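# Understanding the architecture of this molecule
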Amino acid sequence: MRPNRSVLHALRVHPVKSMAGCTPERALVEPWGLAGDRRWTLIDGTGKVVTQRQRPRLALARAESRPDGGIRLYAPGLEPLTVLEPRTAPEPPAVAGEPEPGGTGTVVVDIFGTKVEAVPAGSDAHEWASTYLGVEVRLVHLDAPASRRPVDPQFARPGETVSFADGFPLLVTTLGSLDALNSLIASGDHADEGPLPMDRFRPNLVVAGTAPWAEDGWRRVAVGEVSFRVAKPCGRCVVTTTDQRTAERGKEPLHTLGKYRRLDGRLIFGQNLVPESTGTLRVGDPFTVLD
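The structure contained in this document is the topic of the report that follows.

Our focus in this paragraph is the environment of Asp-291. Residue placement: Asp-291 occurs in the segment after strand 19 (287–289). A C-alpha to C-alpha distance of 5.2 Å links Asp-291 and Arg-219, two positions 72 residues apart in sequence. Non-local contacts of Asp-291, meaning those with residues more than four positions away in its chain, are made with Gly-217, Trp-218, Arg-219 and Arg-220.

This is the structure:
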């Protein structure tokens, strides 16, 4: 049964952009997003970010954060790989049998037309990811999220920054809206594709106990004692049509969102958030609409 009050139903952290993430019971909110969320990304030979938009198989790869700031990578057909957090200053070579440290200076990353400096991981990480995808890619780390990438100034205040997320520090979705969307899909042209799970939308926060599409009217919200500004609705892309368990693509939810959830030419599901404060979120925390 659904609770009769609004609560934080789930947390999701994706250490590497476009790879599968994890669902912790608690997570720290930092000014640029959940701790460890999308601090790593893959780039191609020109420096452009590589995501599920181009490589849906990334859905089947998984990253776990390590206490030392590194990550552990998993993918079908490959041995797991530990990747150390690289440094901006050169590091000594790795000891034989140990992960490579990386850290040979920064490289320029092109994330949807915005240029951001990041630090490359060791060559073993590049080889691992390239082998998995079948194309040459590099793994890079956002070492200084407080200064590297500003939030779009049209929606931000001075000094607000973001990780390698698409554009904003956090994304919130609701079970009520997912249920409503799945009802629309069930009565539509591609009913066989539903119901869709929430992981299609790759949110950070999932809220239970709100009415369908209630988030359209939010301006400020709080989870526990941490408050957030609602920046703008989240426009959805082809990644949402990718089954996160098989990497196969279909028509939904974009087909149905195009009929019922179109705003300024974008297909909308969820809301982008900017933290107004920091603190720890816990599954089950009360969710409050402040404005």
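Moving on from the model shown.
Ordered by their spatial adjacency, three strands build an open sheet running 3-2-18, and the pairing between neighbours is antiparallel. With one partner strand each, in any of the chains shown, strand 3 (33–34) and strand 18 (279–282) form the two edges of the open sheet.

Once that is clear, we can look at helix 2 (residues 175–186). End to end, helix 2 covers 16 Å across 12 residues, agreeing with the expected 16 Å (1.5 Å per residue, within 8%). Every buried residue belonging to helix 2 is among Leu-175, Gly-176, Ser-177, Leu-178, Ala-180, Leu-181, Asn-182 and Ile-185, and all of these are buried. Buried residues along helix 2 sit against strand 1 (7–11), strand 12 (170–174), strand 13 (205–208), helix 3 (254–260) and strand 17 (266–275).

Attention now goes to the packing of aromatic side chains. Inspection of every chain in the model, using the stated rule, returns five aromatic pairs. Seen from their ring centres, Phe-201 and Phe-269 are 4.1 Å apart, and the 25° between their planes marks the pair as stacked. Here the residue Phe-201 occupies a position in the loop between helix 2 and strand 13, and Phe-269 occupies one in strand 17, the gap between them amounting to 68 residues. Neither residue differs from the other here; Phe-201 and Phe-269 are each classed as buried. Centre to centre, the rings of Trp-218 and Phe-287 are 4.9 Å apart; their planes meet at 45°, and the pair counts as tilted. With a gap of 69 residues between them, Trp-218 in the loop between strand 13 and strand 14 (220–223) and Phe-287 in strand 19 connect regions that are remote in the sequence. The residues Trp-218 and Phe-287 share a single accessibility class, namely buried.

So, about the layout of surface pockets. Estimates place the volume of the largest pocket at around 720 Å³. For the largest pocket, the lining is made up of 33 residues, of which Arg-53, Phe-112, Ala-165, Asp-166 and Gly-167 are closest to its centre. For the lining of the largest pocket, the residue count by class is 15 nonpolar, seven polar and 11 charged.

About the criteria used
- Residues numbered from 1 in each chain as written.
- Predicted model: local features only at pLDDT ≥ 70, side-chain atom pairs only at ≥ 80, totals over all residues.
- Heavy atoms only, no water.
- Helix = DSSP H or I, 4+ residues; strand = E, 2+ residues; numbered from the N terminus.
- Contact = heavy atoms within 4.5 Å.
- Pairing = 2+ DSSP bridges.
- Expected span 1.5 Å × (residues − 1).
- Buried < 20%, exposed > 50% of the residue type's maximum accessible area, 1.4 Å probe, protein only.
- Phe/Tyr/Trp six-rings, centres within 6.5 Å; stacked < 30°, edge-to-face > 60°.
- 1 Å grid on protein atoms, 1.4 Å probe; cavity = no way out; pocket = protein on both sides within 12 Å on 5 of 7 lines; lining within 4 Å.
- Points joined across faces, edges and corners; volume = space filled by probe spheres on them.
- Nonpolar A, V, L, I, M, F, W, Y, C, P; charged D, E, K, R; others polar.

Bear in mind that shape data such as this cannot, by itself, settle questions of function.
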